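# Structural characterization, general
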Amino acid sequence: MSAGSSRDPTASAAGTAVPREIQTAPPDDSGKLGRPIVLGFSQLGSESDWRRANTKSIQEAAAEAGMTLTLENAEQSQEKQIEAIRSFIKSKVDVIAFAPVIQSGWEPILKEAKQAGIPVILTDRAVDVQDSSLYVTFIGSDFYEEGVKAGKYLLDKMRDKPGPVRIVELAGTVGSSPSIDRGQGFRDTIASRPELTIVRSAPADFTFEKGKTVMADFLRKEKEPPQVLFAHNDDMALGAIEAIEEAGLKPGKDIVIISVDGTRKAFEMMAKGKINSVVECNPLLGPMIMQAAKEIMQGRTLPKRIAPPESVFTEEMAAKEVDNRKY
Ligand code: GZL
């Protein structure tokens, strides 16, 4: 890829109706180009506090790094993501990055980027591709491990409870790697105690609204309330808490709640004893993405996989941690 060719990163491909946010910062310090690196980012949506924090981290890190960022929000549409990536190719950006809404269906557009000689950084969620050379590196969490952490918390919480323990699960977007892998990690971990059973599981798309309606549906359909809720993210857990309380039950007491992400709102609920444990999933990927883009432009080799640091929190720790939450 030529580093010196003229480019108009703000030129949009014909017909891209997707909202664009273009940031142009002062000349970047990479030196090699003598002009700001142009990064095209396809963001999957704005469905959750995690996602909004992720977008903010990318925008702030791009400005800090002196890069020209074009961020396009696809609002959960893979078709719009593909359209955005195609527009980045057309406007000859230096680097493309994206957070794929679902795992499948990316091979063709990634081949187009490769043919155009534009490197791609995969962020947040994984993709199913035969040829891993279609992206330079994958910067994102280990969702299977997050499911394992949730399962281990439950095994510990229920160690003195003979069972049966009935669990309901609010899953994330169907076909997304966090939903697939968190669910699998959780199931593989609790399998050591067959009396812990998932009696209902349904997708609620990582949103507060669907978390509330699906949880209300679970409570209506179950003769007895479940003892445990495993929510694949905080927004669904927070919606479920409203449904649980509207059913006259005590979240965190009548129903143990385990969630994933680690947003401030979840910590506030955990400090009130309404969520029992939160597995952290770090959305602040912006600095790592910009560093990777710079190193790519400097011709350096990157590791195929870069995972952010993450912890597990319980209600005992919530009160002193809540003010540390950045999102
Ligand atoms: C995880 C991310 C998930 C979050 C949700 O990395 O893809 O999507 O857990 C978000 O909050 O909607």
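Cut-off values and rules
- Residues numbered from 1 in each chain as written.
- Predicted model: local features only at pLDDT ≥ 70, side-chain atom pairs only at ≥ 80, totals over all residues.
- Heavy atoms only, no water.
- UniProt positions renumbered as here; feature names shortened; annotations may be inferred.
- Helix = DSSP H or I, 4+ residues; strand = E, 2+ residues; numbered from the N terminus.
- Near = heavy atom within 4 Å.
- Polar contact = N/O pair within 3.5 Å; in protein donor to acceptor, adjacent residues only side chain to side chain.
- Areas by Shrake-Rupley, 256 points an atom, 1.4 Å probe, with all protein chains shown as cover.
- 1 Å grid on protein atoms, 1.4 Å probe; cavity = no way out; pocket = protein on both sides within 12 Å on 5 of 7 lines; lining within 4 Å.
- Sits in = over half its atoms within 2 Å of the grid points.
- Domains from an automatic or database assignment.
- Pairing = 2+ DSSP bridges.
- Axes fitted to C-alpha atoms, helices over the stretch in contact; angles between N-to-C directions.
- Points joined across faces, edges and corners; volume = space filled by probe spheres on them.
- Nonpolar A, V, L, I, M, F, W, Y, C, P; charged D, E, K, R; others polar.
- Contact = heavy atoms within 4.5 Å.
- Buried area = accessible area lost by both parts, 1.4 Å probe.
- Salt bridge = Lys/Arg side-chain N within 4 Å of Asp/Glu carboxyl O.

### Here's the deal with the UniProt feature "domain: Periplasmic binding protein" (unreviewed entry) in the protein chain
According to UniProt, the positions carrying the feature "domain: Periplasmic binding protein" (unreviewed entry) are residues 41-300. With 44% helix and 19% strand, residues 41-300 has its two end C-alpha atoms placed 21 Å apart.

### With respect to the site of the ligand
The ligand sits among 13 residues. The nearest are Glu47, Asp124, Arg125, Arg182 and Asp261. The separation between an oxygen atom of the ligand and a polar side-chain atom of asparagine 233 is 2.9 Å. Considering the ligand on its own, with 320 Å² of exposed area, one finds that the protein chains cover 100% of that surface. Of the pockets mapped on this structure, the ligand occupies the largest cavity. Shared between two domains, the shell around the ligand holds at least three residues of each, these being domain 1 (20-139 + 283-307) and domain 2 (143-281).

### Some points on the sheet that holds strand S13 (residues 312-314)
If you walk across this open sheet you meet the six strands as S8-S7-S9-S10-S11-S13, and the pairing is mixed. Strands with a single pairing partner mark the edges of an open sheet, and in this sheet they are strand S8 (196-203) and S13. Recorded for the sheet is a direction-independent mean angle of 15° between the axes of neighbouring strands. Judged from the four bridges that link them, strand S7 (residues 165-171) and strand S9 (residues 228-231) form a sheet pairing that is parallel. Looking at the pairing, isoleucine 167 lines up with valine 228 of S9.

### Focus: empty space enclosed by the protein
For the structure shown, the criterion picks out one cavity of 30 Å³ or more. If you add up the space inside the largest cavity, you get close to 90 Å³. Around the largest cavity, the lining comprises 13 residues; the ones closest to its centre are Trp50, Arg51, Arg125, Arg182 and Asp261. Counting residues per element, the ones that place at least two in the lining of the largest cavity are helix H1 (49-64) and helix H5 (177-190). Counted by class, the lining of the largest cavity contains five nonpolar, two polar and six charged residues. Here the lining of the largest cavity spans two domains, since at least three of its residues come from each of domain 1 (20-139 + 283-307) and domain 2 (143-281).

### Some words on the domain arrangement of the protein chain
Here the domain parsing of the protein chain yields domain 1 (20-139 + 283-307) and domain 2 (143-281). Between the C-alpha centres of domain 1 and domain 2 there is a distance of 31 Å. On the side of domain 2, 17 residues touch domain 1, which itself brings 13 residues to the contact. Across the domain 1 to domain 2 interface the summed buried area is about 1,100 Å²; carbon plus sulfur atoms make up 51%. On the domain 1 side of the contact with domain 2, Asp49, Trp50 and Arg125 bury the most area, a combined 43% of that side's loss. Residues lysine 265 and aspartate 49 are paired through a salt bridge, measuring 3.1 Å at the closest nitrogen-oxygen approach. The tally of links between domain 1 and domain 2 comes to five residue pairs in polar contact (both at pLDDT 80 or more). Of the residues in the side of domain 1 that touches domain 2, the class split is five nonpolar, three polar and five charged.

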